[in-house]
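Summary of the model geometry
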Amino acid sequence: MAAVPQRVHLKILVNGEETPVSFAPYKTLLEVLREDLNLTGTKHGCELGECGACTVLIDGEPKLSCLTLALECEGRSIQTVEGLAQGTTLHPLQAAFADLGGSQCGYCTPGMLMTAKALLDRDLNVSRQQIKEAISGNLCRCTGYQQMVDAIERAAAEMREAHKQMSSAESGA
């Protein structure tokens, strides 16, 4: 019987930066992000894949980091809530959540933001129903979801407008 390695040494792409990391092979992505890379924005919730608090984007798709082995992430792009803002400029989703009270205790917010980002990356012309469906796997005990849906809707509108302005500037140049 082959010996199981004590530690695995990988380079993973996290928030656009190639990051070397060494961890026990049984660790989940959630554990590696929080314990080994000190990216604690991704929340540790149910550990069963039921609450969505640990949602990150892997290759642009929302995934539950509590159910993903870190070993599976070699060569893949991982984005956490820490990678949303550009310097001191909040992502439109973050700004809208703050402005419209999209979080109260804030525990579910990182997973909610990452799920919403994946949705808006695919389509900025989403309906309220599509927003509700997209975030249905992210549980919140505080807000009743209304403010979150409003915030995602506002961010989509702002991102559409920014996209129009960029397209106009490029075509006029």
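The shown structure was predicted, so the numbers you read here are calculated from the model rather than taken from an experiment.

1. Looking at the overall build of the chain
Secondary structure assignment for the chain yields five helices and five strands. Helices and strands in the chain line up, N terminus first, as β-β-α-β-β-β-α-α-α-α. Taking 16 Å as the expected radius of gyration for a compact globule of 173 residues, we find that the chain reaches 17 Å, a close match to that expectation. In terms of overall dimensions, the chain has C-alpha extents of about 60 × 45 × 25 Å along its principal axes. Considering the chain as a whole, with its 173 residues, one finds that 41% of them fall into the buried category. Long-range pairs, those at least 24 residues apart, make up 54% of the contacts in the chain with a sequence separation of at least 6. When the accessible surface of the chain is totalled, it reaches about 9400 Å², and 50% of it is carbon and sulfur.

2. Considering the sheet that holds strand β3 (residues 55-58)
Within the open sheet, the five strands sit side by side as β2-β1-β5-β3-β4. Their pairing is mixed. Whereas interior strands pair on both sides, the edge strands pair on one side only; in this sheet they are β2 (17-23) and β4 (61-64). Strand-to-strand twist of the sheet, defined as the mean angle between neighbouring strand axes without regard to direction, takes the value 45°. In this fold helix α1 (residues 29-36) packs onto β1 (8-14), β2, β3 and β5 (77-79), with an angle of close to 100° to the strand it touches most, β2. Running at roughly 35° to β3, helix α3 (residues 109-122) makes contact with β3, β4 and β5 of the sheet.

3. A closer look at unusual backbone geometry
In this structure, Glu47 takes a positive phi of about 65° despite not being glycine. Inspection of the secondary structure assignment puts Glu47 in the loop between α1 and β3. Positive phi outside glycine occurs at Tyr145, with the angle close to 75°. Within the secondary structure layout, Tyr145 lies in the loop between α4 (128-134) and α5 (146-172). The class for Tyr145 is partly exposed, based on a relative accessible area of 28%.

4. Comments concerning the side chain of His91
The topology assignment puts His91 in the loop between β5 and α2 (92-100). Owing to a relative accessible area of 11%, His91 belongs among the buried residues under this scheme. In terms of polar contacts, His91 uses its side chain to reach the backbone amide nitrogen of Leu93, at 3.0 Å. Beyond its immediate chain neighbours, meaning those up to four positions away, His91 contacts Leu84, Ala85, Lys117 and Met159.

5. Considerations on α3
With 14 residues, α3 extends 20 Å between its outermost C-alpha atoms, agreeing within 8% with the 20 Å of an ideal straight helix rising 1.5 Å per residue. Taken across its 14 residues, α3 has twelve buried, putting it largely inside the fold.

Rules behind the numbers
Position labels on residues start from 1 in each chain and follow its written sequence. In keeping with the model being predicted, local features are shown solely for residues with a pLDDT of at least 70 and side-chain atom pairs are shown and tallied solely at 80 or more, while totals for entire chains, interfaces and linings include all residues. Side-chain metrics in this entry use all non-hydrogen atoms of the structure; hydrogen atoms and water are not considered. Secondary structure is summarised from DSSP: a helix means a run of H or I of at least four residues, a strand means a run of E of at least two, and numbering begins at the N terminus for each. Two things to know: the radius of gyration comes from C-alpha atoms, and the globule rule equals 2.2 Å times the number of residues to the power 0.38. Type-normalised accessible area, obtained with a 1.4 Å probe on protein chains alone, sets the label of each residue: buried when under 20%, exposed when over 50%, and partly exposed for intermediate values. Contacts are assigned to residue pairs with any non-hydrogen atoms lying within 4.5 Å of each other. Surface accessibility in these figures is a Shrake-Rupley result with a 1.4 Å probe; residues are shielded only by whichever protein chains are displayed. Each pair of strands is called paired provided DSSP finds at least two bridges between the two strands. Angular values range over 0 to 180 degrees, each being the angle between N-to-C directions of two axes fitted as lines to C-alpha atoms, with helices fitted over their stretch in contact. Two N or O atoms count as a polar contact when they lie within 3.5 Å, although within protein this holds only if one can serve as hydrogen donor and the other as acceptor, and sequence-adjacent residues are included solely when both atoms are side-chain atoms. Helix span, expected: 1.5 Å multiplied by one less than the number of residues in the helix.

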